Amino acid sequence: MAASPESIRSTVESYIKAVASGTADDVLALYAEGASVEDPVGTEPRTTRESIREFYAIIEPLDQEAELVTLRIAANTAAFHFRLITKIGDQTVEIAPIDIMEFDDAGKIVSMRAVWGQEDMITG
């Protein structure tokens, strides 16, 4: 049986919270074995748990906040737009990617593709 929309929504919300203020292991716990991450789209996909953990470990020490802007769920796929604001000293960097995720029957992420480019980063 496929993951329910409620399960997918819960995973997306947990993902956004973990990316903003969690650890790499918090984020990794949301991924299924054998998952892939392509962030941003066009970069080499990360396909091992070690490489995915390494990717998310970069954000652990950062002072960040995030909010879900919009979420759409169809079958085992979610597309969502969220805003991530990172505070670095007196400066802020905002990025608002659109992520596309596929989920297994247990509601774990099997693939994540983030659609954004350098021109989407806003510095303030």
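All of the points below concern the structure found in this document. (Residues numbered from 1 in each chain as written. Predicted model: local features only at pLDDT ≥ 70, side-chain atom pairs only at ≥ 80, totals over all residues. Heavy atoms only, no water.)

**A word on the packing of aromatic side chains**
Line of reasoning, step 1. Across all of its chains, the model carries 6 aromatic pairs by this definition.
Line of reasoning, step 2. Aromatic side chains Tyr15 and Phe80 sit 6.3 Å apart centroid to centroid with 75° between the ring planes, which places their arrangement in the edge-to-face category. Taken together, the residues span a long stretch of sequence, with Tyr15 in helix H1 (residues 5-21) and Phe80 in strand S3 (residues 77-88) at a distance of 65 residues. Accessibility classification places Tyr15 together with Phe80 in one group, the buried group.
Line of reasoning, step 3. Between Tyr31 and Tyr56, the aromatic rings sit 6.1 Å apart at their centres with planes inclined by 40°, giving tilted as the arrangement. Residue Tyr31 is located in strand S1 (residues 31-38), and its partner Tyr56 is located in helix H3 (residues 49-57); the two are separated by 25 residues in the primary sequence. (Phe/Tyr/Trp six-rings, centres within 6.5 Å; stacked < 30°, edge-to-face > 60°. Helix = DSSP H or I, 4+ residues; strand = E, 2+ residues; numbered from the N terminus. Buried < 20%, exposed > 50% of the residue type's maximum accessible area, 1.4 Å probe, protein only.)

**Here's the deal with the pattern of salt bridges**
Line of reasoning, step 1. Scanning all chains against the criterion turns up 8 salt bridges.
Line of reasoning, step 2. Glu13 serves as the salt-bridge partner of Arg9, at 3.9 Å between the closest nitrogen and oxygen. In this pair, Arg9 and Glu13 are both assigned in helix H1, 4 residues apart and thus about one turn of the helix distant.
Line of reasoning, step 3. For Glu13, a relative accessible area of 41% puts it in the partly exposed group.
Line of reasoning, step 4. Where salt bridges share partners, they join Glu67, Arg83 and Glu94 into one cluster. (Salt bridge = Lys/Arg side-chain N within 4 Å of Asp/Glu carboxyl O.)

**Remarks on the layout of surface pockets**
Line of reasoning, step 1. When its volume is computed, the largest pocket comes out at roughly 440 Å³.
Line of reasoning, step 2. Considering the residues around the largest pocket, the lining is formed by 20 residues, among which Asp39, Ile59, Leu84, Ile95 and Trp116 are closest to the centre.
Line of reasoning, step 3. Counting residues per element, the ones that place at least two in the lining of the largest pocket are H1, H3, S3 and strand S4 (91-95).
Line of reasoning, step 4. Looking at the lining of the largest pocket, the element that brings in the most residues is S3, giving 4 residues.
Line of reasoning, step 5. Counted by class, the lining of the largest pocket contains 16 nonpolar, 2 polar and 2 charged residues. (1 Å grid on protein atoms, 1.4 Å probe; cavity = no way out; pocket = protein on both sides within 12 Å on 5 of 7 lines; lining within 4 Å. Points joined across faces, edges and corners; volume = space filled by probe spheres on them. Nonpolar A, V, L, I, M, F, W, Y, C, P; charged D, E, K, R; others polar.)

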